[in-house]
Amino acid sequence: VATTITIKVKAGAEGRLFGSVTAADVAAAIKDQANIELDRRKLNVEHIKATGTHQVTAKLHHDVEFPITLEVVGK
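Notes on the structure in this doc start here. Quantities reported herein were computed from a predicted structural model and do not represent experimental measurements.

Comments concerning the sheet that holds strand β1 (residues 4-9)
Here is step 1: Reading across the sheet, the 4 strands line up as β1-β6-β5-β3 and stay open at both edges, with mixed pairing between neighbours. Single-partner strands in this sheet number two, and they are β1 and β3 (43-44).
Here is step 2: Summarising the sheet, β1 and strand β6 (residues 64-74) pair through 6 bridges and their orientation is parallel. Note on β6: the bridge partner recorded for V9 is G74.

Rendered as structure tokens:
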């Protein structure tokens, strides 16, 4: 079952974030929403500085990696 992880952050009127979403933020959201504990160092999170849908990659082993879909929304 594909799941989208939602992260709520403070954002301006045009969807620009006050700061950025970090690997630690993503790991915490996955733990809260999917009850899966991932090490933040295993997550490849590019600088997410806007609301919307983003893809990050979790690399568990040199042969095992998978995409994670994030929905970043303003609060």
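Still more ground to cover, so stick around.
Digging into the pattern of salt bridges
Here is step 1: For the structure on display, the rule yields 2 salt bridges.
Here is step 2: With a closest N to O distance of 3.6 Å, E37 and K31 form a salt bridge.
Here is step 3: Among the residues examined, E37 registers a relative accessible area of 66% and is labelled exposed.
Here is step 4: Two residues, R41 and D39, come together in a salt bridge whose shortest N-O distance is 2.8 Å.
Here is step 5: Residue classification places R41 among the exposed residues on the basis of a relative accessible area of 65%.
Here is step 6: The class for D39 is partly exposed, based on a relative accessible area of 31%.

Definitions and cut-offs
- Residues numbered from 1 in each chain as written.
- Predicted model: local features only at pLDDT ≥ 70, side-chain atom pairs only at ≥ 80, totals over all residues.
- Heavy atoms only, no water.
- Pairing = 2+ DSSP bridges.
- Helix = DSSP H or I, 4+ residues; strand = E, 2+ residues; numbered from the N terminus.
- Salt bridge = Lys/Arg side-chain N within 4 Å of Asp/Glu carboxyl O.
- Buried < 20%, exposed > 50% of the residue type's maximum accessible area, 1.4 Å probe, protein only.

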